[in-house]
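Letter by letter, the chains look like this.
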Amino acid sequence: MRDHHSPHREHGDGRDGFEKRPGRERGGRGPRVFAPGDLKLLLLALVAEQPCHGYDLIRQIEGMFDGAYSPSPGVIYPTLTFLEESEMISGDAEGGKKRYSVTDAGRLSLSEQAVALDGVRMRIDVSKRSLRGHDRPLEIHEAVHNLRHALQMHHGRWSPAEILRVRDLLNDTAKAIVDGPAVQPVQEKAE
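The protein chain appears in an unreviewed UniProt entry as PadR family transcriptional regulator from Pseudomonas tensinigenes.

Structure representation (structure tokens):
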């Protein structure tokens, strides 16, 4: 949304509702890997697949990202504590280390959030590709920022129809990005 006629607007002055932000997202810390709530749901799903220790979960998540990202213990263990306090998982100490297992409440929660878990796994795939590329081009950063700004400008005026419309637009766009460029069919020669 850059005004190419005025060099003074290169970083955006907000007059058009959008601004260009130099550098990486989130104050230079890089892109967020998990959306709010994603890590809780992912950890719950991983513990439901197989009881394990916190360290095992860190390694499993690192494997999901092909080694391009590894969550810190400072993020994993507080999330496990939250899930345990919420009675979604239980931790049994063996040899000084807790081994986590899913509870019935955790299984029920997972079944109720199956669609959300699919979304988490799709976002992991997108993040993995982004992390492998290390950084997005500036034009993509600007477009992501503009999208976030547009959503914030909505100011909570979300009718049921508008929620579905925007959800479908965003999910279709995410899928199209993951799928990559469309392959054009080869045209047959006219005889």
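**Q** Give me the nonpolar core: which residues, what numbers.
**A** F34, L43 and I61 are the most contacted members of the largest nonpolar core, which totals 27 residues. Only helix 1 (38-49), helix 2 (54-64), helix 3 (73-85), strand 2 (97-102) and helix 5 (114-133) provide two or more residues apiece to this core. Here I61 is in contact with F34, L39, L42, L43, L46, Y69, P71 and I76, once residues within four sequence places are set aside.

**Q** Which residues make up the pairing of strand 2, and what values do they have?
**A** Sheet analysis places strand 1 (residues 89-94) next to strand 2, joined by 6 bridges and oriented antiparallel. The residue of strand 2 that forms the bridge with I89 is V102. Following strand 1, the chain reverses through 2 residues before pairing antiparallel with strand 2; G95 in that reversal takes a positive phi of roughly 65°.

**Q** Residues and numbers for the pattern of salt bridges, please.
**A** Pairs can form between side chains of opposite charge once their charged atoms are near each other. Applying the stated rule across the entire model yields 8 salt bridges. Between D38 and R123 there is a salt bridge; the shortest N-O distance is 2.8 Å. Pair noted here: D38 is in helix 1 and R123 is in helix 5, with a separation of 85 residues, a long-range link. The class of D38 is buried, set by a relative accessible area of 5%. Accessibility expressed as a relative area gives 34% for R123, which makes it partly exposed.

**Q** Account for helix 4 (residues 104-112), naming residues and giving values.
**A** Of all the positions in helix 4, only G106, S109 and L110 are classed as buried. An end-on view of helix 4 places all buried positions within 100° of arc, on one side of the element. With respect to the buried face of helix 4, the exposed residues turned more than 90 degrees away are D104, S111 and E112.

**Q** Describe the packing of helix 2 against helix 3, listing the residues and the values that go with them.
**A** It is the contact of helix 2 with helix 3, at a shortest axis distance of 10 Å, that shows an interaxial angle of 120°. Classified by the interaxial angle, the pair formed by helix 2 and helix 3 is oblique. The crossing of helix 2 and helix 3 is right-handed. In contact with G54, Y55, L57, I58 and I61 of helix 2, helix 3 contributes P73, I76, Y77 and L80.

**Q** Break down unusual backbone geometry for me, with residues and values.
**A** Phi is positive for E87, close to 60°, though the residue is something other than glycine. Here E87 lies in the loop between helix 3 and strand 1. With relative accessibility at 58%, the residue E87 sits in the exposed group.

**Q** Explain the packing of aromatic side chains to me, and be specific about the residues and the numbers.
**A** In the structure shown here, the tally under the stated rule is 3 aromatic pairs. Ring geometry for F34 and Y69: centres 6.0 Å apart, planes at 70°, overall edge-to-face. Of this pair, F34 sits in the segment before helix 1 while Y69 sits in the loop between helix 2 and helix 3, and the two are 35 residues apart along the sequence. When the centroid spacing of 5.1 Å and the interplanar angle of 70° are considered together, the rings of F65 and Y69 count as edge-to-face. An aromatic cluster of three or more residues is present, and its members are F34, F65 and Y69. Above the face of the F82 ring, K40 is positioned so that its terminal group lies 4.4 Å from the ring centre.

**Q** Just give me the short version of helix 7 (residues 160-179), but keep the residues and values in it.
**A** An ideal rise of 1.5 Å per residue puts 28 Å on 20 residues; helix 7 measures up with 28 Å between its terminal C-alpha atoms. E162, V166 and V178 are the residues of helix 7 that are buried. Angularly, the buried residues of helix 7 cover 130° about the axis, an arc narrow enough to put them on a single face. Turned more than 90 degrees off the buried face of helix 7, the exposed positions are P160, A161, D172 and D179. Note on helix 7: the residue one or two positions beyond its end, G180, has a positive phi of about 85°.

Rules behind the numbers
- Residues numbered from 1 in each chain as written.
- Predicted model: local features only at pLDDT ≥ 70, side-chain atom pairs only at ≥ 80, totals over all residues.
- Heavy atoms only, no water.
- Core = buried A, V, L, I, M, F, W, Y, C linked by side-chain atoms within 4.5 Å.
- Buried < 20%, exposed > 50% of the residue type's maximum accessible area, 1.4 Å probe, protein only.
- Helix = DSSP H or I, 4+ residues; strand = E, 2+ residues; numbered from the N terminus.
- Contact = heavy atoms within 4.5 Å.
- Pairing = 2+ DSSP bridges.
- Salt bridge = Lys/Arg side-chain N within 4 Å of Asp/Glu carboxyl O.
- Arc of directions from axis to C-beta.
- Axes fitted to C-alpha atoms, helices over the stretch in contact; angles between N-to-C directions.
- Parallel < 35°, antiparallel > 145°, perpendicular 65-115°, else oblique.
- Left-handed = near helix turned anticlockwise from the far one by under 90°.
- Phe/Tyr/Trp six-rings, centres within 6.5 Å; stacked < 30°, edge-to-face > 60°.
- Lys NZ or Arg CZ within 6 Å of the ring centre and 35° of its normal.
- Expected span 1.5 Å × (residues − 1).

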